[in-house]
Amino acid sequence: MSDTFDDDDDLQPLDPTLQNVLDQKSLHWIFVGGKGGVGKTTTSCSLATQMAKVRDSVLLISTDPAHNLSDAFGQKFSKEATLVNGFPNLYAMEIDPTSSIQEMIEQSDQGNAMGSMFQDLAFAIPGVDEAMGFAEVMKYVATSH
């Protein structure tokens, strides 16, 4: 039997504090979700600015079609990572899942009836915008490493 996990202290959950989040060097991703109006953008922006104080580089990605990051920082963002004004290492980008779906449809549509049917079907699937937003994030991650 291995004694790798004999020390119970190694398995204890951390207190849910901002400092514990900032101190976690193995932490690479934080996802913020929830219903509309619960403070996702505010929380994400606050967390990103704090992370930028202790990390070499931080990327904040929003998949909200309302593009609230631009409002929060008073700066226009796009689907390309852009340095946030006033920060040497904090980048932000806004991905619009609806336009990602539209791009996919246009690439597959060669002006035929199947393209129109695919478009109707794509926008009717519950959660497709969230799935496309996640796919866009993963595409960015795959090409940036």
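Note that residues are indexed from 1 along each chain, following the sequence as it is written. In view of the model being predicted, local features appear only for residues whose pLDDT reaches at least 70, and side-chain atom pairs are presented and counted only at 80 or more, with totals across whole chains, interfaces and linings using the full set of residues. With hydrogens and water set aside, each side-chain value is computed from the structure's full complement of heavy atoms.

Draft legend 1. Just the packing of aromatic side chains, in detail. Centres within 6.5 Å make a pair out of two Phe, Tyr or Trp rings, where for Trp the six-membered ring is used; the pair is then stacked when the planes are under 30 degrees apart, edge-to-face when over 60, and tilted otherwise. In this structure the tally under the stated criterion is three aromatic pairs. Ring plane angle 20° and centroid distance 6.3 Å describe the contact between Trp29 and Phe31, whose orientation is recorded as stacked. With a 1.4 Å probe rolled over the protein chains alone, any residue whose accessible area is under 20% of its type maximum counts as buried; one over 50% counts as exposed, and the rest are partly exposed. A relative accessible area of 44% means that Trp29 is categorised as partly exposed. Relative accessible area serves as the criterion here: at 57%, Phe31 is assigned to the exposed category. Between Phe73 and Phe87, the aromatic rings sit 6.5 Å apart at their centres with planes inclined by 85°, giving edge-to-face as the arrangement. With Phe73 in helix α3 (residues 68–73) and Phe87 in the loop between β2 (82–83) and β3 (90–94), this residue pair connects regions lying 14 residues apart in the sequence. What counts as a helix is a DSSP run of H or I of at least four residues, what counts as a strand is a run of E of at least two, and both are numbered from the N terminus.

Draft legend 2. Quick look at the confidence of the model for the protein chain. What pLDDT conveys is the predictor's confidence in a given residue, as a value from 0 to 100. Of all residues in the protein chain, 68% have pLDDT values of 70 or greater, and the mean over the chain is 79. The weakest mean pLDDT in the protein chain belongs to helix α4 (residues 97–108) at 60; the strongest belongs to β2 at 96.

Draft legend 3. Broad picture of the nonpolar core. Among buried residues, those of type Ala, Val, Leu, Ile, Met, Phe, Trp, Tyr and Cys that are joined through side-chain atoms within 4.5 Å constitute a nonpolar core. Ranked by internal contacts, the top residues of the largest apolar core, which has 13 residues, are Val58, Leu60, Leu69, Leu90 and Ala92. For this core, the secondary-structure elements that each account for two or more residues are α2 (40–54), β1 (58–62) and β3. When checking whether two residues touch, look at their non-hydrogen atoms; a contact exists if any pair is within 4.5 Å. Once residues within four sequence positions are removed from consideration, Val58 is found in contact with Ala48, Met51, Ala52, Asn89, Leu90 and Tyr91.

Draft legend 4. Just the sheet that holds β2, in detail. Here we have three strands laid out as an open sheet, ordered β1-β3-β2, and mixed in their pairing. A single partner strand is all that each edge strand has here, and the edge strands are β1 and β2. Two strands are counted as paired when DSSP detects at least two bridges linking them. Relative to β3, β1 is paired through five bridges, and the arrangement is parallel. Across the sheet, the residue bridging to Ile61 is Met93, located in β3. Simply put, an axis is a line fit to the C-alpha atoms, just over the touching stretch for a helix, and the angle between two N-to-C directions goes from 0 to 180 degrees. Docked against the sheet, α2 engages β1 and β3, running at close to 170° with respect to β1.

Draft legend 5. Inspection of a nonpolar patch on the surface at higher detail. In this analysis, a patch consists of residues with relative accessible area above 30% that form no salt bridge, clustered at 9 Å for like charges and at 5 Å for the nonpolar side chains Val, Leu, Ile, Met, Phe, Trp and Tyr. What sets the accessible areas is the Shrake-Rupley method with a 1.4 Å probe; for residues, cover comes only from the shown protein chains. Salt bridge criterion: a side-chain nitrogen from Lys or Arg within 4 Å of a carboxyl oxygen from Asp or Glu. Together, Trp29, Phe31, Phe134 and Met138 make up a nonpolar patch on the protein surface, roughly 440 Å² of accessible area in all. Its place among the elements puts Met138 in helix α6 (residues 128–144). On the accessibility criterion, Met138 (33% relative accessible area) is partly exposed.

Draft legend 6. Just the side chain of Arg55, in detail. Along the chain, Arg55 falls in the loop between α2 and β1. Charged residues are defined narrowly, with Lys and Arg counted positive, Asp and Glu counted negative, and His plus the chain ends left uncounted. For the buried Arg55, no salt bridge is present, and the opposite-charge side chain at shortest range is Asp23, 8.3 Å distant.

Draft legend 7. Focus on the side chain of Ser44. Along the chain, Ser44 falls in helix α2. Setting aside its immediate chain neighbours within four residues, Ser44 contacts Val32 and Leu60.

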